[in-house]
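# Topology and contacts: notes
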Amino acid sequence: MIIKRLGSRILFTAGILLLLFFTLFPFMQMLSTSLKSSDQLFTVPPVWIPKHATLSNFAAAMQHQQFVHYFMNSLLVSVVTCILVIIVSVLAAYSFTRLEFPGRKFFMNVILVSQMFCISAVVIPLYKIVSALGLLNSFPGLILAYMAFTVPVAVWLLRSFMLNIPVDMEESAMMEGASQLQAFIKVVVPLLRPGIGATAAYVFLMTWQEFLFSLVFMTDPSKRTLPIGIMDFKGQYETNWGTMMAASILISIPVFVLFLIIQRQLISGLTEGATKG
Amino acid sequence: MKTRSTLLGYALIAPAIVLLLVLLFIPLLYSLQISFQDTDLSHGAPKWVGLSAYVDSWKNGELWKVGKHSIVWTVSVAFFQVLVGLLAALMLNRKFPLRWLVRVLVLLPWVLPGVIAALTWRLVYDSQFGFLNSLIAKLGFGQHATDWLGTPGLAMFSVVLAAIWKGYPFAMLMLLAALQSVPQDQYEAAKIDGADGWRQFIHITLPSISGVMKTVVLLVSIWTFNYFEMIYVLTGGGPVRSTHIAPTYIYELSFGHFDFGEASRVSVISFLFIFLISLILIRQMHKNERN
């Protein structure tokens, strides 16, 4: 019995360590490369722990003239997309959970089906439409495309958060003479705040790292977002891996912090959406 | 109690529905229209050829090859993401010292922006500077200069491994949340009845998390099928087109060769494929709910 227990203990610990190693292995290379001075970058075989760690790659990434520019572009696109998606989706989610009207089920299925769209299935027509409208290289064009791909999930998440808010409170507010709109603003919105936060963060994470549309729509280098901009460091002939990995770390930190803050909310929204169908 | 209010109901869903109609459903129809055209630049000006465009694409053979890669890619990535995610969730559901830290660390790949994940793996796989070859040497299997991304038989394996790494934490998070909601008294009862760990897993754990598991499979499969930047950055579809999946092939056709017709045919076929699979999975989920 004791031996069996000890055996399963060892197996369990080995499992955890293996999982951690698999997960962190690429990060080890990322961190190690970002800290190497240029003479250590191209040694074969590679050194795992740099002898003289330096932050010069981080400084170089920050000084790269376009980096801050791309950062601002990304921030603008992601924040605006977030705000618009939340407005549109809160309204729709409210309608789906609190109102009864003919065709409600049908329109809910429209939202559900939209989640299954492959991005690649509409990238060509959207590109043609956007370029016909003269919106290539413009932020509104990109934001609209991002909205189309985040609204379905956002509606779905907000709907599951809203289902958790008891209707009684709104009803009693309305009994006391509040209009439906007042009840919505005074009762539902405050209770929904964590759900809105989680959904907004999800939309932000998705748009912050979106690649294909940005690559296709933003051909003008000054309009690029970060995920495309980072490819700058991958020069035509040789890649400056040190600066690129340093820049990668700088881009990833805000996303990671944001995710840590919202993960509990997000997961409960996603899993409840899954079980409540 | 739901308030009956037709006008307000429509007014509130209108922005979302119009947006999806204009930006997803109409473009899809437009895609269908383009797909009936022959836009091969070497054939002169685009012309309408109707359904025979599809027949020609099929005969060309490239379509089937890309389709096969897409299926291999999607099935193997989704399967292993869910498997690794489930194993990780089962381990992290147990209490052990520093569990909170492990939980945070394993989320890193999923939160990392996709293109950065791809660039990092490109470096890991590098035949000279990559840590993978150097790990193999450190483990005592000798110094090799394996070109993980440049060897036709290996490239698919390499991109699949990187994609599993990127996405398994999502499966883990969802399944962990599901595991935590399994009522503990069921396990107590099973223990009294003398059921061992494996039996408990099959009869209590698995049925309780199957709802969430199906959603995870559905979401992960759709995401993987559409996962563009991993392959675009790692191999660009090469070597000798051995890792081209639908999205990278569509990109190459349309923005590399400006053959929008052929690209649209690939789009339409992949849309139908994903749509049918999702429909089957969703129907399955609803059936189980009713029982």
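Residues numbered from 1 in each chain as written. Chains lettered and ligands numbered in written order. Predicted model: local features only at pLDDT ≥ 70, side-chain atom pairs only at ≥ 80, totals over all residues. Heavy atoms only, no water.

## A short note on the side chain of Q81 of chain B
Residue and element names in this part refer to chain B.
- Inspection of the secondary structure assignment puts Q81 in helix α3 (residues 62-92).
- Taking relative accessible area as the criterion, Q81 reaches 6% and is therefore assigned buried.
- Discounting residues that sit within four places of it in the chain, Q81 has contacts with A163, I164, G167, Y168, A171, V220 and T224. (Helix = DSSP H or I, 4+ residues; strand = E, 2+ residues; numbered from the N terminus. Buried < 20%, exposed > 50% of the residue type's maximum accessible area, 1.4 Å probe, protein only. Contact = heavy atoms within 4.5 Å.)

## Some remarks on helix α7 (residues 139-163) of chain A
Residues and elements named next belong to chain A.
- With 25 residues, α7 ought to run about 36 Å at 1.5 Å a step, and its terminal C-alpha atoms sit 34 Å apart, in line with that.
- The sharpest bend along α7 reaches about 40 degrees and sits at T150, with the proline P152 one to four residues further on.
- For α7, the buried fraction is high: 22 of the 25 residues fall into the buried class. (Expected span 1.5 Å × (residues − 1). Bend = angle between axes of the 7 residues up to and from the residue.)

## A closer look at the interface of chain B and chain A
- Taken together, the contact pairs 92 residues of chain B with 96 residues of chain A.
- Counting the surface lost from both chain B and chain A, the interface buries some 9,000 Å², and carbon and sulfur atoms represent 81% of this.
- For the pair chain B and chain A, the number of links is zero salt bridges.
- Counting across the chain B and chain A interface gives ten residue pairs in polar contact (both at pLDDT 80 or more).
- The biggest single contributor to the side of chain B that touches chain A is helix α1 (residues 6-35) of chain B, with 19 residues.
- Of the residues that constitute the side of chain B that touches chain A, the class distribution is 66 nonpolar, 18 polar and eight charged.
- In this structure, strand β1 (residues 99-100) of chain A lies alongside strand β1 (residues 3-4) of chain B, joined through two bridges in parallel fashion. Bridging from a neighbouring strand, L99 of chain A pairs with T3 of chain B of β1 of chain B. (Buried area = accessible area lost by both parts, 1.4 Å probe. Salt bridge = Lys/Arg side-chain N within 4 Å of Asp/Glu carboxyl O. Polar contact = N/O pair within 3.5 Å; in protein donor to acceptor, adjacent residues only side chain to side chain. Nonpolar A, V, L, I, M, F, W, Y, C, P; charged D, E, K, R; others polar. Pairing = 2+ DSSP bridges.)

## A short note on the confidence of the model for chain B
- In the predicted model, chain B carries a mean pLDDT of 88, and 98% of its residues have values of at least 70.
- Overall fold confidence for the complex sits at a pTM of 0.89, while the interface term, ipTM, reaches 0.88. (pLDDT = per-residue confidence, 0-100.)

## Quick look at the packing of helix α4 (residues 67-98) of chain A against helix α9 (residues 180-208) of chain A
All names here are of chain A.
- Running from N to C, α4 and α9 point in directions that differ by 140 degrees, and their axes come no closer than 8 Å. One finds that α4 runs oblique with respect to α9. The crossing of α4 and α9 is right-handed. Residue-level inspection shows F71, S74, L75, S78, V79, T81, C82, V85, I86, V90 and Y94 of α4 in contact with α9, the latter providing Q180, F184, V188, I196, T199, A200, V203, F204, T207 and W208.
- In terms of residue class, the contact of α4 with α9 is built from 15 nonpolar, six polar and no charged. (Axes fitted to C-alpha atoms, helices over the stretch in contact; angles between N-to-C directions. Parallel < 35°, antiparallel > 145°, perpendicular 65-115°, else oblique. Left-handed = near helix turned anticlockwise from the far one by under 90°.)

## Some remarks on the pattern of salt bridges
- One pass over the full model with this rule turns up six salt bridges over all chains.
- With its nearest N and O atoms 3.7 Å apart, the salt bridge here joins E100 of chain A to R104 of chain A.
- Relative accessible area serves as the criterion here: at 12%, R104 of chain A is assigned to the buried category.
- The shortest N-O distance in the salt bridge between K65 of chain B and E62 of chain B comes to 3.9 Å. With a gap of three residues between them, K65 of chain B and E62 of chain B both fall in helix α3, about one helical turn apart.
- Note on K65 of chain B: relative accessible area 33%, which makes it partly exposed.
- The network of salt bridges with shared partners includes E62, K65, R241 and E252 of chain B.

## A short note on unusual backbone geometry
- The amide bond that connects G238 of chain B to the next residue, P239 of chain B, takes the cis arrangement and shows omega of -15 degrees.
- By secondary structure assignment, the location of P239 of chain B is in the loop between α11 (229-234) and α12 (246-256).
- In this structure, N137 of chain A is a non-glycine residue whose phi angle is positive, near 60 degrees.
- With phi around 40 degrees, V240 of chain B is a residue other than glycine that occupies positive phi space.
- Mapped onto the elements, V240 of chain B comes out in the loop between α11 and α12.

## Side note on a nonpolar patch on the surface
Residue and element names in this part refer to chain A.
- Taken together, the side chains of V68, M72, L75, V79, I83 and I87 define a hydrophobic patch exposed on the protein surface, amounting to about 500 Å² of accessible area.
- With respect to the secondary-structure elements, I83 resides in helix α4.
- When its relative accessible area of 48% is taken as the criterion, I83 is described as partly exposed. (Patch = residues over 30% accessible without salt bridge, like charges linked within 9 Å, V, L, I, M, F, W, Y side chains within 5 Å. Areas by Shrake-Rupley, 256 points an atom, 1.4 Å probe, with all protein chains shown as cover.)

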